[in-house]
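Examination of the molecular architecture
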Amino acid sequence: MTYPTRAFGTRAATEPLSLFHFVRRSPRADDVVIDILFCGVCHTDIHHSRDDWGRANYPMVPGHEIIGRVSAVGADVTRFAPGELVGVGCMVDSCQRCGACGKGWEQYCENGSTFTYNGVDRQDGTPTYGGYSERVVVAQGFVLKVPEGLDPAGAAPLLCAGITTYSPLRHWNVGPGSRVAVVGLGGLGHMAIQLAKAMGAEVTLFTRSPGKETDARRLGADHIVLSGDADQMAAVASRFELIIDTVPYAHDLNPYVPTLATDGTLVLVGYLGPIEPTLNTSPMVLKRKAVAGSLIGGIAETQDMLDFCGQHGITADVEMIPIQQINESYERMLRSDVKYRFVIDMASLKAMA
């Protein structure tokens, strides 16, 4: 049984998203069929749909922050049952046999992860289409349980923004007494502050905007440092064990490296591309400081993140939109005109003729 499916997608980099019809596959024995309730809107959706990174495949249906309810399961599915609230993040498959997959790092699969959209199904070679749609069909190993009590709309961005910031916090062993800084207060930054605070860290926000202080403190920041103020930057020299840099465009990293403690790390989670201006390695070499990168998280770690958020009542700050406003939301995101994540109410798609 295949599933005729309505979605919003685009057929070219220069075209807006509009109503698109396609067919979801018949469920395999280990598949879960999910009716989508909410889907978060990520900067990556803009980059892919407009081919900013040069690897777009059209037609494309974006969306990888998916919350929905199970409507059917394949014969071999044991972990899920119809009616359960579940999530699907950035991946729907990996080779599951390489060294990275063996460590639970499916996002770094040595044979290439299969992403939720703009990818190719490993078994039948068909395109993968994302969460701006009525339903999705996903192997049970890439479906996540959503803890009871979490607002499902606020939980949707956890599947990308949440795990993108949770993974480096866990990898660099953040805990009680850790000194963590976050660069940028947006979709990623507002998650990083909440998660680091819940882990017991002392949290500082680096921002260029004085007006961000009230929100930053509400989310859990202990300190706010204006990155353009030389005196404030000098006052936090050699302070932070970890800096989570969430800025999604090229920017100068040199002012932040001196604020790292010896053996500290600045982790890029928002930007892909060349570093401009050139990074001065002197403070890195002299004090064993590092600049690193991190990509989402594996499936087990993503489930850990959801469970952690369930325990601490952490969700994203969201603005709900109907799918008919998706193109407008893209333009608003590019202007940073959202606090802090758009989430599509998929009932708006179901209501369309």
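Remember, predicted model here, so these are calculated numbers, not experimental data.

Rules used throughout
- Residues numbered from 1 in each chain as written.
- Predicted model: local features only at pLDDT ≥ 70, side-chain atom pairs only at ≥ 80, totals over all residues.
- Heavy atoms only, no water.
- Axes fitted to C-alpha atoms, helices over the stretch in contact; angles between N-to-C directions.
- Helix = DSSP H or I, 4+ residues; strand = E, 2+ residues; numbered from the N terminus.
- Parallel < 35°, antiparallel > 145°, perpendicular 65-115°, else oblique.
- Contact = heavy atoms within 4.5 Å.
- Nonpolar A, V, L, I, M, F, W, Y, C, P; charged D, E, K, R; others polar.
- Buried < 20%, exposed > 50% of the residue type's maximum accessible area, 1.4 Å probe, protein only.
- Phe/Tyr/Trp six-rings, centres within 6.5 Å; stacked < 30°, edge-to-face > 60°.
- Lys NZ or Arg CZ within 6 Å of the ring centre and 35° of its normal.
- Left-handed = near helix turned anticlockwise from the far one by under 90°.
- Salt bridge = Lys/Arg side-chain N within 4 Å of Asp/Glu carboxyl O.

This part is about the packing of helix 4 (residues 161-171) against helix 9 (residues 299-312). It is at 10 Å that the axes of helix 4 and helix 9 come closest, and there the two elements cross at 100 degrees. Between helix 4 and helix 9, the interaxial angle falls into the category roughly perpendicular. The segment helix 4 lies against helix 9, with Gly162, Ile163, Tyr166, Ser167 and Arg170 engaging Glu301, Thr302, Asp304, Met305 and Phe308. Of the residues that constitute the contact of helix 4 with helix 9, the class distribution is 4 nonpolar, 3 polar and 3 charged.

The next thing to look at is helix 4. Burial runs high along helix 4: 9 of the 11 residues are buried. When we look at burial in helix 4, the residues that qualify are Ala161, Gly162, Ile163, Thr164, Thr165, Tyr166, Ser167, Pro168 and Leu169. Against the buried residues of helix 4 lie strand 12 (179-183), helix 5 (187-198), strand 15 (240-245), strand 16 (260-268), helix 9 and strand 19 (341-345). Just past helix 4, the residue Asn173 takes up positive phi, approximately 60 degrees.

This part is about the packing of aromatic side chains. In the structure shown here, the tally under the stated rule is 7 aromatic pairs. Ring geometry for Trp105 and Tyr108: centres 6.5 Å apart, planes at 85 degrees, overall edge-to-face. The exposure class of Tyr108 is partly exposed, given its relative accessible area of 35%. The ring of Phe80 has Lys145 lying over it, and the distance from NZ or CZ to the ring centre is 4.5 Å. A cation sits over an aromatic face here: Arg170 above Phe308, 5.2 Å from the ring centre.

Now for the packing of helix 4 against helix 5. Look at helix 4 against helix 5: their axes get within 8 Å of each other, and the N-to-C directions meet at 50 degrees. Considered as vectors, helix 4 and helix 5 are oriented oblique to each other. Where helix 4 crosses over helix 5, the handedness of that crossing is right-handed. In contact with Ala161, Gly162, Thr164, Thr165, Tyr166 and Leu169 of helix 4, helix 5 contributes Gly187, Leu188, Met191, Ala192, Leu195 and Ala196.

Before going further, it helps to spend a moment on the pattern of salt bridges. This model, assessed by the stated rule, comprises 19 salt bridges. Ionic pairing is found between Arg50 and Glu331, a salt bridge with its closest N-O pair at 2.6 Å. Here Arg50, found in the loop between helix 1 (43-49) and strand 4 (66-73), pairs with Glu331, found in helix 10 (residues 326-334); they are 281 residues apart in sequence, far enough to count as distant. On the accessibility criterion, Glu331 (35% relative accessible area) is partly exposed. One salt bridge in this structure joins Arg218 and Asp215, with 3.4 Å as the shortest N-O distance.

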